[in-house]
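Okay, here's what each chain looks like letter by letter:
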Amino acid sequence: MEVILVMNDRKERRDLKQKVQSVYPKDCVSAFRSGEDALEYAKNRQIDVCFTEIVLIRMSGIALAKELRKSNDQVKINFISDTKEYAMDGWKLFINDYLLKPVSVSAIQHSRER
């Protein structure tokens, strides 16, 4: 299984990657700072799960989700935010989960079980 995560902040990205790897120990987990970098990586791969912040530097997490879905309508999208403000936008895209910061291991586990 191929899991990607996209977070602006390096410390948050590193922390999230450790937590995701603990829930997906046998899977490939790759972390990116931008949606563009994640999309470039995804061009030649089958992405199964994506954890992304909604507010990113250039490309929003919503735009990233739409692009990922163009090549794979089965990818499980999990939005991450520090506010509930974008929840409805996310659910309109039929996302797997909407996680509030700080993201816990139990929240990631719950997303995996969905």
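Residues numbered from 1 in each chain as written. Predicted model: local features only at pLDDT ≥ 70, side-chain atom pairs only at ≥ 80, totals over all residues. Heavy atoms only, no water.

A look at the pairing of strand β3 (residues 49-53)
At step 1: Counting buried residues along β3, 5 of its 5 residues qualify, which places the element largely inside the surrounding structure.
At step 2: Here β3 shows no split at all, with V49, F51 and E53 on one side and C50 and T52 on the other all buried.
At step 3: As paired strands, strand β1 (residues 2-6) and β3 are joined by 4 bridges and run parallel to one another. Its bridge partner lying in β3, V6 is registered against T52.
At step 4: Sheet topology places β3 next to strand β4 (residues 76-81); 5 bridges connect them, and they run parallel. Looking at the pairing, T52 lines up with F79 of β4. (Buried < 20%, exposed > 50% of the residue type's maximum accessible area, 1.4 Å probe, protein only. Helix = DSSP H or I, 4+ residues; strand = E, 2+ residues; numbered from the N terminus. Pairing = 2+ DSSP bridges.)

Overview of the state of the cysteines
At step 1: Per the counting criterion, the structure on display carries 0 disulfides.
At step 2: No disulfide involves C28; its sulfur sits 13 Å from that of C50, the nearest cysteine.
At step 3: Classification of C28 by relative accessible area gives partly exposed; the value is 35%.
At step 4: By relative accessible area, which is 1% here, C50 ends up buried. (Disulfide = S-S within 2.5 Å.)

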